[in-house]
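Analysis of the macromolecular model
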There are 2 protein chains.
Amino acid sequence: MGRWQPNPTERLAQAALELFAERGYENTTVIDIAQRAGLTKSTFFRHFQDKREVLFGDGTLNELVAEAIAAAPAAATPLAAVAHALDAVGEKAFTPARREFGARRRAVIAANPELQEREALKGLGLIASMAGALKRRGVPELTASVAAELGALAWKIAYEHWSDTASGDDFSEVARRALVEVQAASALC
Amino acid sequence: MGRWQPNPTERLAQAALELFAERGYENTTVIDIAQRAGLTKSTFFRHFQDKREVLFGDGTLNELVAEAIAAAPAAATPLAAVAHALDAVGEKAFTPARREFGARRRAVIAANPELQEREALKGLGLIASMAGALKRRGVPELTASVAAELGALAWKIAYEHWSDTASGDDFSEVARRALVEVQAASALC
């Protein structure tokens, strides 16, 4: 009986994170990653455009949040629509199986100023996606921007909590709780 | 009668922005900048650490906002303290004389993904400075974070408006107006 084998994408991602942690992001090549995963360079490129995409994905998270906001009930308030997006992220992206990856990813990014810059811009992209989806629901521009910023803050708080491997909480639950707290805090500003 | 000559820092900054716009940030060297400004490379390095610092400063903006928040009246709400920071930015950094620099700077950053990443991280640094200064005033952590995020959104809106050279408005005025609107919008989320 062989042990459970993750799929190639997961093997590559895991190998990449190991190497980034061991020798630094800059000093890791795509060939190193493929070798560590026991796969070829061309297999790597069937799954990822480059090593950066292992950490930052291909933009599907932007689509995921926009679609979830579009699919929220018509009567949902802006923040209720944002909560739908956070649910979708917990269901499709930040699943319990991804928690360890999330923890290692955070550590790799924290160790590299360039990756921090990239992560910061990715955050702005997610905010823009959420704000855009809210505007398409008819939410006025500034309200949409504020709701997206508040959602992003709840997201950040939840991501830090969820990716801590000691926590057993679902991302969506933590994020919904954080969103309620963020909304309450905004009334005290 | 010679025409008015800006000081070396301004001459270097202006030369850098011209060159970034003409040939791209990546293709501009410190020597190019010094030559265009009619100054030496060593003069450049007395004013800036590298060409990036021409665009992003040396972190004094972080100190400026933190000090202004610390100096706000004890009874000020978190957002009133943030408004003090926006006033200080308008008075000390985004002055009318800097408007054209601001406009060119925005265009250069918009043309370069790496600079956008850097700008995004700089924004997070300013948010962290504001939140930290609010916490030191005794504002609870989450409220401080929310107030800093709302302040940053007002800042961004105001910067875009102010750096549009067609606008004759003071940064502080635009920012204070934006902050009031952001706060009102947060109640509609």
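Scroll up a little and you will see the structure.
My aim in this report is to walk through the structure given alongside it, one point at a time.

So, how was this worked out
- Residues numbered from 1 in each chain as written.
- Chains lettered and ligands numbered in written order.
- Predicted model: local features only at pLDDT ≥ 70, side-chain atom pairs only at ≥ 80, totals over all residues.
- Heavy atoms only, no water.
- Helix = DSSP H or I, 4+ residues; strand = E, 2+ residues; numbered from the N terminus.
- Buried < 20%, exposed > 50% of the residue type's maximum accessible area, 1.4 Å probe, protein only.
- Contact = heavy atoms within 4.5 Å.
- Buried area = accessible area lost by both parts, 1.4 Å probe.
- Salt bridge = Lys/Arg side-chain N within 4 Å of Asp/Glu carboxyl O.
- Polar contact = N/O pair within 3.5 Å; in protein donor to acceptor, adjacent residues only side chain to side chain.
- Nonpolar A, V, L, I, M, F, W, Y, C, P; charged D, E, K, R; others polar.
- Least-squares fit on C-alpha atoms with pLDDT ≥ 70 in both.
- Patch = residues over 30% accessible without salt bridge, like charges linked within 9 Å, V, L, I, M, F, W, Y side chains within 5 Å.
- Areas by Shrake-Rupley, 256 points an atom, 1.4 Å probe, with all protein chains shown as cover.
- Lys, Arg positive; Asp, Glu negative; His and termini not counted.
- Charge placed at Lys NZ, Arg CZ, Asp CG, Glu CD.
- Phe/Tyr/Trp six-rings, centres within 6.5 Å; stacked < 30°, edge-to-face > 60°.

**Observations regarding the environment of A:Ala66**
Residue and element names in this part refer to chain A. Among the secondary structure elements, Ala 66 is positioned in helix 5 (residues 60–70). Ala 66 sits in the buried class, given a relative accessible area of 16%. Spatially, the C-alpha atom of Ala 66 lies 11 Å from that of Ala 148, the residues being 82 residues apart in sequence.

**Things to note about the interface of chain A and chain B**
Between chain A and chain B, the contact holds 28 residues from the first and 28 residues from the second. Buried area between chain A and chain B, summed over both chains or domains, comes out near 2200 Å², and the portion from carbon and sulfur atoms is 71%. The interface formed by chain A and chain B includes four salt bridges. The salt bridge partner of A:Glu117 is B:Arg52, with a shortest N-O separation of 3.0 Å. For the pair chain A and chain B, the interface holds four residue pairs in polar contact (both at pLDDT 80 or more). Of all elements in the fold, only helix 6 (78–92), helix 8 (113–136), helix 9 (141–162) and helix 10 (171–186) of chain A reach the threshold of two or more residues within the side of chain A that touches chain B. Among the elements that line the side of chain A that touches chain B, the one with the most residues is helix 9 of chain A, at nine residues. A class-by-class count of the residues in the side of chain A that touches chain B yields 16 nonpolar, six polar and six charged.

**Here we look at the relation of the copies chain A and chain B**
In screw terms, the move from chain A to chain B is a rotation of 180° and a rise of 0.0 Å along the axis, fitting with an RMSD of 0.0 Å. Here the copies are linked by what is in effect a two-fold axis. The fraction of interface residues of chain A whose copies in chain B are also interface residues reaches 100%, indicating that both copies meet through the same surface.

**A closer look at a negative patch on the surface**
Residues A:Glu26, A:Glu114, B:Glu26 and B:Glu114 make up a contiguous surface patch of negative charge. Mapped onto the fold, B:Glu26 is located in the loop between helix 1 (8–23) and helix 2 (30–37).

**Looking at the side chain of A:Thr28**
Residues and elements named next belong to chain A. Following the sequence through the fold, Thr 28 ends up in the loop between helix 1 (8–23) and helix 2 (30–37). Using a relative accessible area of 1% as the deciding quantity, one classes Thr 28 as buried. Looking at Thr 28, its side chain comes within polar contact range of the main-chain oxygen of Gly 24, at 2.8 Å.

**Let's talk about the packing of aromatic side chains**
Counted according to the given criterion, the structure contains 20 aromatic pairs over all chains. When the centroid spacing of 6.3 Å and the interplanar angle of 75° are considered together, the rings of A:Trp155 and A:Phe171 count as edge-to-face. Of this pair, A:Trp155 sits in helix 9 while A:Phe171 sits in helix 10, placing them 16 residues apart in sequence. Consider the rings of B:Phe94 and B:Tyr159, whose centres lie 5.0 Å apart with planes at 50°: the pair is tilted.

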